[in-house]
Amino acid sequence: MVVVLLPTFFATLSAGSPNITTDQLALLALKSHISHDPQNLLATNWSTNTSVCNWVGVTCGSKHHRVTSLNLSYMGLTGTISPHLGNLSFLAWLDICHNGFHGSIPIEIANLQRLKYLNFGNNNFTGGIPSTMGNFSKLEMLGLSDNSLNGHIPATVGNLSKLKYLYLENNQLSGEIPSAIGNLTALDMLDLSHDRFTDVGNNNFNDTFPNWLGNLDHLQVLVLRSNRFHGPIDGYFEVTVPLLSGLCVIDLSYNEFSGYLPTKFFESLSPIRDEYEKKVKPEYMTGVLLAHRKLYYNLSISFTSKGLETDFEAILKVWKAIDFSNNQFFGEIPKAVGELHSLIVLNLSHNSLTGPIPSSLGNLSELESLDLSSNKLSGRIPAQLKNLIFLEVVNLSHNFLVGPIPKGNQLDTFPNDSYIGNLGLCGFPLSTSCSNNGESKPTPTKDHFTGGFNWKTAMLIGYGCGVVLGLSMGYIIFTTGKPWWFVKMIERAEQKYITGKIRRSKGGRKY
């Protein structure tokens, strides 16, 4: 019996030890690639004298005692990623965000077949996104935002069939967004803002609204901000609107989209059209479930809210926002926008929208921020806007609005800047008062013989004529010596002036 068991025991030990040793060597290799550790966390803690499972940022599984999670986020580390990191074969969670890692992303990372969460955001990685990242069959969150990655998005990203969150914003990515992303039917969050998604290799390329978005029927947050998309979108939403009806946050700002605003799209946004359900405890949009922990949207999402660009570390379920600003949309604001009862932020500024402000906007009972500035809107400001009791910021400036500014509730609290650039507006807080018929009082015109020719004008003209006449007379008198009595009078006056000046000067001296 002993002869049989001993070989079995040593065989088990030799099979287990190399595994944990492999993890240890992989992490020590990573440590050796770190050039700056400001808190000395790894330098003092990652030691062969202690179990790798007790190292800072390391979590091991209870069954095999292998490294399943590595979290080095927000440690201020500087260095590169060792390719040996790909040997952590049991790793499911890898987070090194908000550090100073640089260099390229090693292709060996693709060996982490159990990986569900990968966050390399807010570092200084360069180079392209490895095409081998499409091998992560279990990956649910991929965060590569806020780096200096360049090149194209590899089409292999479309193989990540379980991916729910994709963050690629704030890089230098270029080229066409691959239609293969439309295969990610489980995707809830897509942020491609602040990149340069146009075909830089072909000047004739037309980069329009991605038509594959209609496949992402679970999508709740869509951010395409600050790219070079262009062309109309209303026709596109006519077809795909049923599949995008779950959106809660959509940001298309700072592009070159044109055409009419998509009425049917607004009519289909059921999460925003539904009445706000008040709850005592706030709830966040959740997603990836890993080690019995719910993952929040914990990467910062930049969104212009209440006139300020804000980074949201987490998104409440009740937060509903639409930003179509800084594009080339024209036509009227659809009345259907006024049916988005749960909307909190609405920004349609810096377009070419015309017509009146729909009175239905007064039904947006949860609205906190409204920006319609820098358009070509006309007519009066609807009095129904005073119903927006949660409104904190409003900007209607630089349009063609006329008539009195409505009063009541929050509308009494906004400054002059909210309305400037509308020459036909009147009433508080503007300095222009309203006439009896509710229009701004015209500036009084000045009559040519009264208002335009006042006593100041007459005095200036008289003074000018007197100077010219006096100089002319003086020249004639002193060159001809006539009339002699006037010359004598001038000479005497001059003599008295000089004599008096000399006396005052002598009287003032002390010897």
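All figures in this text were calculated on a predicted structure; none of them were measured in a lab.

Colleague: Could you clarify how one ought to interpret the overall build of the chain in this entry?
Modeller: Secondary structure summary: the chain contains 7 helices and 30 strands in total. A total of 511 residues make up the chain; the buried ones form 44% of that total. Long-range contacts, defined here as pairs at least 24 residues apart, represent 57% of the contacts in the chain between residues at least 6 apart. Total accessible area computed for the chain in this model is approximately 26,200 Å², and 56% of it derives from carbon and sulfur atoms.

Colleague: I keep staring at the confidence of the model for the chain and nothing clicks. Help me out?
Modeller: Predicted coordinates in areas of low pLDDT are best not read in detail. When pLDDT is averaged across the chain, the result is 76; 69% of the residues are at 70 or more. The low-confidence segment residues 286-300 (pLDDT under 50) makes 48 contacts with residues lying over four places distant or belonging to another chain. In the model, residues 444-453 has pLDDT below 50 throughout and makes 7 contacts with residues more than four positions away in sequence or in other chains.

Colleague: Looking at this structure, I do not really get the environment of S145. What am I missing?
Modeller: For S145, the location among the structural elements is in the loop between β9 (141-143) and β10 (148-151). By relative accessible area, S145 is classed as buried at 1%. Sequence-wise, S145 and L166 are 21 residues apart; in three dimensions their C-alpha atoms are separated by 9.1 Å.

Colleague: What is the right way to look at the state of the cysteines in this model?
Modeller: A disulfide bridge is the covalent bond that connects two cysteines by way of their sulfur atoms. Under the counting rule described, the total for this entry stands at 2 disulfides. The partner cysteine of C53 in its disulfide is C60, sulfur to sulfur 2.2 Å. The sign of the -95° torsion about the S-S bond sets the C53-C60 disulfide as left-handed. Looking at C60, the relative accessible area reads 19%, which means it is buried. Once the disulfide-bonded cysteines of the chain are ranked by sequence position, their pairing pattern turns out to be 1-2, 3-4.

Colleague: When you look at the pattern of salt bridges in this model, what are you seeing that I'm missing?
Modeller: Two side chains bearing opposite charge may form a pair once their charged atoms approach each other closely. Under the counting rule described, the total for this entry stands at 2 salt bridges. In this structure, the salt-bridge partner of D23 is R66, at a minimum N-O distance of 2.8 Å. Residue D23 is found in helix α1 (residues 2-32), and its partner R66 is found in the loop between β2 (58-60) and β3 (67-71); the two are separated by 43 residues along the sequence. For the pair D23 and R66, one class covers both residues: buried.

Colleague: Help me understand the sheet that holds strand β6 (residues 100-103), please; the structure alone is not making it clear to me.
Modeller: Note: strands within a sheet are paired through backbone hydrogen bonds, in either parallel or antiparallel orientation. Across the sheet, 6 strands lie side by side as β1-β4-β6-β8-β10-β12; this open sheet has mixed pairing. Two strands close off the open sheet at either side, each with one partner strand: β1 (34-36) and β12 (172-173).

Colleague: Help me understand the packing of aromatic side chains, please; the structure alone is not making it clear to me.
Modeller: Given two aromatic rings, one states the distance between the centres and the angle between the planes to describe the pair. Tallying each qualifying case throughout the model produces 8 aromatic pairs. Between the aromatic rings of W93 and Y117, the centroid separation amounts to 3.9 Å while the plane-to-plane angle is 10°, which identifies the pairing as stacked. Residue W93 is found in strand β5 (residues 93-95), and its partner Y117 is found in strand β7 (residues 117-119); the two are separated by 24 residues along the sequence. Here the two residues W93 and Y117 agree in accessibility, since each one is buried. Each ring, one from F265 and one from F266, has its centre 5.7 Å from the other, and the planes form 55°; the classification is tilted. The exposure class assigned to F265 is buried, which follows from its relative accessible area of 0%. Over the face of the ring belonging to F90 we find R114, whose NZ or CZ atom lies 4.1 Å from the ring centre.

Colleague: What should I look at first to understand the sheet that holds strand β15 (residues 230-232) in this one?
Modeller: In spatial order, the strands read β15-β17-β23-β25-β27-β29-β30; together these 7 strands make up an open sheet with parallel pairing. The open sheet has two edge strands, β15 and β30 (424-426), and neither has a second partner. Taking each pair of neighbouring strands and ignoring which way they run, the sheet shows an average axis angle of 20°. Pairing geometry for strand β29 (residues 400-404) and β30, over 3 bridges, is parallel. Paired with G403 across the bridge in β30 is L425.

What counts as what
Residues numbered from 1 in each chain as written. Predicted model: local features only at pLDDT ≥ 70, side-chain atom pairs only at ≥ 80, totals over all residues. Heavy atoms only, no water. Helix = DSSP H or I, 4+ residues; strand = E, 2+ residues; numbered from the N terminus. Buried < 20%, exposed > 50% of the residue type's maximum accessible area, 1.4 Å probe, protein only. Contact = heavy atoms within 4.5 Å. Areas by Shrake-Rupley, 256 points an atom, 1.4 Å probe, with all protein chains shown as cover. pLDDT = per-residue confidence, 0-100. Disulfide = S-S within 2.5 Å. Salt bridge = Lys/Arg side-chain N within 4 Å of Asp/Glu carboxyl O. Pairing = 2+ DSSP bridges. Phe/Tyr/Trp six-rings, centres within 6.5 Å; stacked < 30°, edge-to-face > 60°. Lys NZ or Arg CZ within 6 Å of the ring centre and 35° of its normal. Axes fitted to C-alpha atoms, helices over the stretch in contact; angles between N-to-C directions.

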